[in-house]
Amino acid sequence: MRRSGSSALTRGEPLLGNEHPAILVCDERIPSPDRDAGSARMFLILEALAKSNRIVFLAFNRPHGIEYEQALWKMGIETGEAADYRRLIKQRSFAAAILSRPAIAGAMLRAVRRADPKLKIIYDMLDVHHLRSAREAALTGDLRTARESEKLRRLETRLARSADVVWCGSSPDQKIMSRIAPGVPSVVVPTVHRLHQRGPAFAEREHLLFVGNFSHRPNEDAVHFLAREILPLIRNSLPGVEL
């Protein structure tokens, strides 16, 4: 580990020379790819980008310990605090900035644009957040969630129209964004997973596994619905099944 001379807050040793483009990536946290799909997606995006670009990754939050950050350093990715982005933009010649998730892009996009009007900005939305909230509001009738959905819709629309390129998590998301931000280029960058060897054949398996990060409201709702509504029905046919 080292502290870069251009900023006391960046860490890691770039593996590529200055002839390679520099890209600034900002997200809410250091990726923890063994814990959630969003982190796995971002980690593999960073890994791919780092093969031909000099990457500086800025996070708003860090997990306890530095193991996840060290994994980025091994790829030649420098890391730092999100609060240091203005100084870095002024000191380095970035070709592009990737702002991931609406909360991060909402906090940074205008300021990044002011810091370097020529910088290409990619808004990495992951998914259409306002659509998820709208569906939750329709299901629950909760007015606060409905207001949250409308607020997110306005934010995501502004961010998409202000960016140079939008990264969408799926083709349906891309179609939605093309309607609310017509003319803005967009590409699908889905959740990425490494290939693994196959496990036991289906006939050799038993029981059920639910995969989900419970800090994500839809996952919390889904596992409650699974346990309360679906599992009792399954146990009518499979009394010994475990979840």
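Note: the structure precedes this text.
Computed from a prediction, not measured in an experiment: that's the story for all the values here.

What follows covers the nonpolar core. Formed by 34 residues in total, the largest nonpolar core has its most connected members in Leu24, Leu58, Ile89, Phe94 and Val112. Here this core gets 7 residues from one element, more than from any other, and that element is helix α4 (residues 102–115). Among all residues touching leucine 58, those that are not within four sequence positions of it are Leu24, Val25, Cys26, Asp27, Gly80, Glu81, Ala82, Tyr85 and Leu88. Phe43, Ile45, Leu72 and Met75 belong to the second largest nonpolar core, which has 20 residues in total.

Attention now goes to the packing of aromatic side chains. Inspection of every chain in the model, using the stated rule, returns 1 aromatic pair. The interplanar angle of 10 degrees and the centroid separation of 6.1 Å between the aromatic rings of phenylalanine 210 and phenylalanine 214 together place this pair among those described as stacked. Under the relative-accessibility criterion, phenylalanine 214 is labelled partly exposed at 48%.

A separate point is the side chain of glutamate 156. Checked against the element boundaries, glutamate 156 lands in helix α6 (residues 143–162). No salt bridge forms around the buried glutamate 156; measuring N to O, its nearest opposite-charge neighbour arginine 132 is 7.5 Å away. Here glutamate 156 is in contact with Pro102, Tyr123, Met125, Asp127, Val128, His129, His130 and Met177, once residues within four sequence places are set aside.

This next bit is on the sheet that holds strand β1 (residues 22–29). Strand order in the open sheet formed by 7 strands is β3-β2-β1-β4-β5-β6-β7, with parallel pairing between adjacent strands. Two strands close off the open sheet at either side, each with one partner strand: β3 (78–81) and β7 (186–188). When the angles between neighbouring strand axes are averaged without regard to direction, this sheet yields 20 degrees. Bridge count between β1 and strand β2 (residues 54–61): 7 bridges; the pairing is parallel.

With that settled, the discussion passes to helix α7 (residues 171–180). Three or more residues of α7 are buried, namely Asp173, Ile176, Met177 and Ile180. Looking straight down α7, one finds its buried side chains confined to an arc of 95 degrees; they lie on one side. Within α7, the exposed residues directed more than 90 degrees away from the buried face are Lys175 and Arg179. Between the side-chain oxygen of the N-cap and the backbone nitrogen of aspartate 173 there are 3.3 Å, and the N-cap of α7 in question is serine 170.

To continue, consider the state of the cysteines. Applying the stated rule across the entire model yields 0 disulfides. Note on cysteine 26: no disulfide assigned, nearest cysteine sulfur contributed by cysteine 168 at a separation of 19 Å.

Rules behind the numbers
Residues numbered from 1 in each chain as written. Predicted model: local features only at pLDDT ≥ 70, side-chain atom pairs only at ≥ 80, totals over all residues. Heavy atoms only, no water. Core = buried A, V, L, I, M, F, W, Y, C linked by side-chain atoms within 4.5 Å. Buried < 20%, exposed > 50% of the residue type's maximum accessible area, 1.4 Å probe, protein only. Helix = DSSP H or I, 4+ residues; strand = E, 2+ residues; numbered from the N terminus. Contact = heavy atoms within 4.5 Å. Phe/Tyr/Trp six-rings, centres within 6.5 Å; stacked < 30°, edge-to-face > 60°. Lys, Arg positive; Asp, Glu negative; His and termini not counted. Salt bridge = Lys/Arg side-chain N within 4 Å of Asp/Glu carboxyl O. Pairing = 2+ DSSP bridges. Axes fitted to C-alpha atoms, helices over the stretch in contact; angles between N-to-C directions. Arc of directions from axis to C-beta. Polar contact = N/O pair within 3.5 Å; in protein donor to acceptor, adjacent residues only side chain to side chain. Disulfide = S-S within 2.5 Å.

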